[in-house]
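# Per-entry structural report
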Amino acid sequence: MPVGPLPCLRSLFAIPDDVCYLNTAYMSALLESVRRAGETAVGLKSQPWHVSSEHWFERVERARALFAQLIGASPNDVALAPSASYGIGTAAKNVALTAGQTVVLMQDQFPSAVYPWRRKAAEAGGAVITVPRPADHDWTPPLLDAIDARCRVVSVPACHWSDGALIDLHALSARAREVGAQLVLDLSQSAGATPLDLETIDPDWICAPSYKWLLGPYSAGFLYVAPRHHSGVPLEENWIARAGSEDFSRLVDYIDDYREGARRYDVGERSNFILLPMLIAGLEQLLDWGVERVAETLRRINVNLAAIAARHGLHALSPELRSPHILGLVAPGGFPDDLIPKLAAQSVHVGLRGDTLRVAPHVHVSDSDLQRFDYALGRALA
Ligand SMILES: Cc1ncc(COP(=O)(O)O)c(C=O)c1O
């Protein structure tokens, strides 16, 4: 059943009335609830005698469970990973690649999802195949063509970070499975903003840092690991990921077993007393709204922003080719060099990635933001 949009929820954020913030793809504005959670948590570290097993062990399980719920996974399949590069690095460490085999990527992917594969391919004598940006912006057919019998890994996002161009993960997953390749998803730019059909897509690994669409802090996030990879090798050997680590009196009775499921991949110091409460508060809010409703809300805002941009001569990808939450705008003759500072001077905050003006709203965007965007764009392009 289709879901309706959320109302404008600006009062939940600390965004001044005269600021139009359209740069969630860079980093989200913090919810006030997330900020308060962080502030309270800083207080805890001032009085460490109050730090208890709840802070060491239970909160991390709460965060794991919330993210699992958000993507339709089991908490057992979720590790704490501070960055996309940490997650992809873990995946790369656990994929078997031999000479002549390939890793399929897209042109201009975010570097965190490129460097680990370049190293892996170089060490294995394999190759990274980079699918060029298609003229019609439909990435799926050329990606499918690149996935052949040599392919061992397909490492892609759900939409391109620069302009929101959609990738059909169902089609890619089916093709990857046919040739026996692993599917590694960088959902930095979509987890929390668009629903994921985890069960059908059945990816091998997913990384999702929290500071963008998960509305959380920087240096915190998640790595989903399919159950078939739960006995792999973590990026680091930290003590708290080992079985029995809650018994602080016996930490030097070194033990080879890890905690259950994907927990072996948890980053060291994953019990981060300040970031975890913030991570949890952001996820709780997202789950309360529902990702479908967030996506529908952002889709409608972007339809309005695209119409405004069109009046200024800018083009967006057609709605079937773009993700609902990120709007990539191009100017036929290119943008002036000083576009971003000019817009920022009028308190309109967007990003420029390559030749694309990247607009990424969230539920705080109001009608007056739309008017400000319209006016500021007109002046900056004049
Ligand atoms: C697609 C994508 N992946 C990853 C990241 C961030 O990577 P990391 O968490 O390794 O800093 C970004 C940041 O803009 C991104 O757009």
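For the structure, see preceding data.
Thresholds applied
Residues numbered from 1 in each chain as written. Predicted model: local features only at pLDDT ≥ 70, side-chain atom pairs only at ≥ 80, totals over all residues. Heavy atoms only, no water. Buried < 20%, exposed > 50% of the residue type's maximum accessible area, 1.4 Å probe, protein only. Helix = DSSP H or I, 4+ residues; strand = E, 2+ residues; numbered from the N terminus. Pairing = 2+ DSSP bridges. Near = heavy atom within 4 Å. Polar contact = N/O pair within 3.5 Å; in protein donor to acceptor, adjacent residues only side chain to side chain. Areas by Shrake-Rupley, 256 points an atom, 1.4 Å probe, with all protein chains shown as cover. Nonpolar A, V, L, I, M, F, W, Y, C, P; charged D, E, K, R; others polar. Axes fitted to C-alpha atoms, helices over the stretch in contact; angles between N-to-C directions. Contact = heavy atoms within 4.5 Å.

This brings us to the pairing of strand E8 (residues 221-225). Judged by how many residues are buried, E8 sits mostly within the fold: 5 of 5 residues are covered. Burial along E8 is two-sided: the residues Gly 221, Leu 223 and Val 225 and Phe 222 and Tyr 224 are all buried. Both strand E7 (residues 205-209) and E8 contribute to a ladder of 5 bridges, which runs antiparallel. What sits directly across from Cys 207, in E8, is Leu 223.

All right, on to the site of the ligand then. In the vicinity of the ligand, the contacting residues are Ser 83, Ala 84, Ser 85, Phe 110, Ser 112, Trp 161, Asp 186, Ser 188, Gln 189, Pro 209, Tyr 211 and Lys 212. Contacts to the ligand include Ser 112, whose side-chain N or O atom sits 2.6 Å from an oxygen atom. At 2.9 Å from an oxygen atom of the ligand is found a side-chain nitrogen or oxygen belonging to Gln 189. For the ligand, whose unbound accessible area comes to 400 Å², protein coverage reaches 90%. Looking at the shell around the ligand, its residues break down into 5 nonpolar, 5 polar and 2 charged.

What follows is about the sheet that holds strand E2 (residues 78-80). Consider a sheet: its strands pair through backbone hydrogen bonds, and that pairing is either parallel or antiparallel. Read across the sheet, 7 strands follow the order E2-E8-E7-E6-E5-E3-E4 without closing on themselves; strand pairing throughout is mixed. In the strand order of this sheet, the two ends are held by E2 and strand E4 (127-131), each with one partner. Each adjacent strand pair in this sheet contributes to an overall mean axis angle of 20 degrees, direction not counted. Here strand E3 (residues 102-106) pairs with E4 via 5 bridges, running parallel. By the bridge assignment, Leu 105 is partnered in E4 with Thr 130. In this fold helix H2 (residues 53-71) packs onto E2, E7 and E8, with an angle of close to 130 degrees to the strand it touches most, E2.

Treat this as a map of the structure, not an account of what it does.
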